[in-house]
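Structure assessment
So the chains spell out like this:
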Amino acid sequence: MFDDLLFVNLNKESPVVKSFTPVTFYVRYVKIYSKDKNDLLSQDKWNIDSDYMFDYHNKWSTMNFTDQIVWITGASSGIGKALAIAFSQAGARVVLSARRANELETVRQECRNPEQHYILPLDLTETDTIAEKVSLVEKKLGSVDILVNNAGITQRSLVKDTRIAVIRKIMETNYFGSIAMTQAVLPRMLERQTGRIVFISSLTGKFGTPQRSIYASSKHAIMGFADALRAEVWYSGVRVSVILPGFVLTNASRNALTGDGSPHATLDQTTAKGMLPEKCAQGILKAIKAGKEEVIISGKEQIMVYLKRFFPGLFNKIIRKIKVT
Ligand SMILES: NC(=O)c1ccc[n+]([C@@H]2O[C@H](COP(=O)([O-])OP(=O)(O)OC[C@H]3O[C@@H](n4cnc5c(N)ncnc54)[C@H](OP(=O)(O)O)[C@@H]3O)[C@@H](O)[C@H]2O)c1
C-alpha cells in the first residue's frame, strides 16, 4: 500500500497500560519516513484503545460455539467460506448463504460434520425474499444465535466513470442486504434477549480510497447503522460486533465491479499480498468469543486508520497517492 510513498516503521506495541476503566490502553511508537528513508516525516506516541488492538495468533480450535446457530452470508467464497469452516470446527451449526448453491454445497462438505449444516441460497439484492428465508431457518434449525453479515462486493472505478446502476448494486448488496438480514433476525433475538449481529465492514469503513468511493460509502453506512443498533439493543441483551479487515487474499478484487458493471477480473497486488482468509476467520471468531464491539484485523495498512484519526492532513496527502490495485 505504501510502496510508492513511505517507509513505515511500526514498532511492536509497548508497554501495555491498564487504566481504571474497563478499557485497556496500549501505547505504540510510530515513525514515518520518506520512501528513501532519509526524511523522518513524523514520530509520535499514540494511545490506542484495546478494541483496535488484536492478537489473532491464539488458538481458535478450542473455542466453544457448540450447537450455536450461526448464519453466514457470502459463505460460498473467501472470508465467508473460511468462517463457515472455522465455526463448524468450533462446534456451531452453520447456515451458509450466498447466490451460488453449488459453491455453498462444496463449502458445506468441507465443514466438520457436514450433515449438521444447512445451505440456503439467497440474493441479498432481493430484500423482499429475506423474511421468508429467516422463517425457513428458524423452522429447520431454531433461532439464530449469531448472524454474520459478510457478503459484499467491492469496486474498482473512479466516481466520474461509475454508472448509477453499479452504485445501486453495491449499496443494495453491502448495505440494504445486510440491513434486511438484520431486521429479519432481530425480532426473535429481542424476544429471546440474546444473540449477536456481526458486520464484516472494512478499513474503508473508516476512510475512503480512490476507486472505492461507493464501496467505502457502503461500509461507512454500515458502521453508522451498527453503532446505532448497538445502542438501541444493548439493554435487551443483543450484541453487535463490527469487524474491519485490511487486505485479505480472496476473490474480492476479481469480483469487484468496474464503472460499467463488468467484473474487474484481476487479482490486485494489494489483495495478493493480503492475509489468508483462514487467519482472518480465526481473528473474527476470537473477536466474537471475546464480545468485541469493533475490531481491526489487518496488516500494516491499518496505520491509515490512525493517520486519519491523529494526522488528518498527512492522511489526505498519502491517500491521494497510494496504490489501490
Ligand atoms: N478481501 C478483502 O481484502 C476484504 C477486506 C475488507 C473487507 N472485506 C469484506 O469481506 C466480505 C467478504 O468478502 P471476500 O473478500 O470474502 O470476497 P469474495 O471472495 O468475493 O466473497 C464475497 C461473497 O459475497 C457473496 N455475495 C456477493 N453478492 C451477493 C449477493 N447479491 N447476495 C448474496 N451473496 C452475495 C458471494 O457469493 P455468491 O457470488 O455465490 O453470491 C461471496 O460468497 C465483504 O463484505 C468484503 O467487503 C474483504
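Residues numbered from 1 in each chain as written. Predicted model: local features only at pLDDT ≥ 70, side-chain atom pairs only at ≥ 80, totals over all residues.

Our next topic: the site of the ligand. The environment of the ligand is made up of 32 residues, and the closest members are G74, G78, R99, G152 and T250. Considering every element that reaches the shell around the ligand, the biggest residue donor is helix α1 (residues 78–89), with 3 residues. Grouping the amino acids of the shell around the ligand by side-chain chemistry returns 11 nonpolar, 17 polar and 4 charged. (Near = placed C-beta within 6 Å. Helix = DSSP H or I, 4+ residues; strand = E, 2+ residues; numbered from the N terminus. Nonpolar A, V, L, I, M, F, W, Y, C, P; charged D, E, K, R; others polar.)

Both faces of strand β11 (residues 294–297) are covered, namely the face carrying E294 and I296 and the face carrying V295 and I297. Sheet topology note: the strand β10 (residues 239–245)/β11 ladder contains 4 bridges and is parallel. Its bridge partner lying in β11, L244 is registered against I296. (Buried ≥ 20, exposed ≤ 12 C-beta atoms within 10 Å, placed from the backbone. Pairing = 2+ DSSP bridges.)

Right, let's get into the pairing of strand β8 (residues 146–149). Here β8 shows a buried face lined by I146 and V148 and a second buried face lined by L147 and N149. Two elements, strand β5 (residues 69–73) and β8, share 3 bridges in a ladder whose sense is parallel. Following the sheet pairing, I72 is matched in β8 by V148. With 4 bridges connecting them, β8 and strand β9 (residues 196–200) associate as parallel partners. When the sheet's bridge partners are listed, L147 is paired in β9 with I197.

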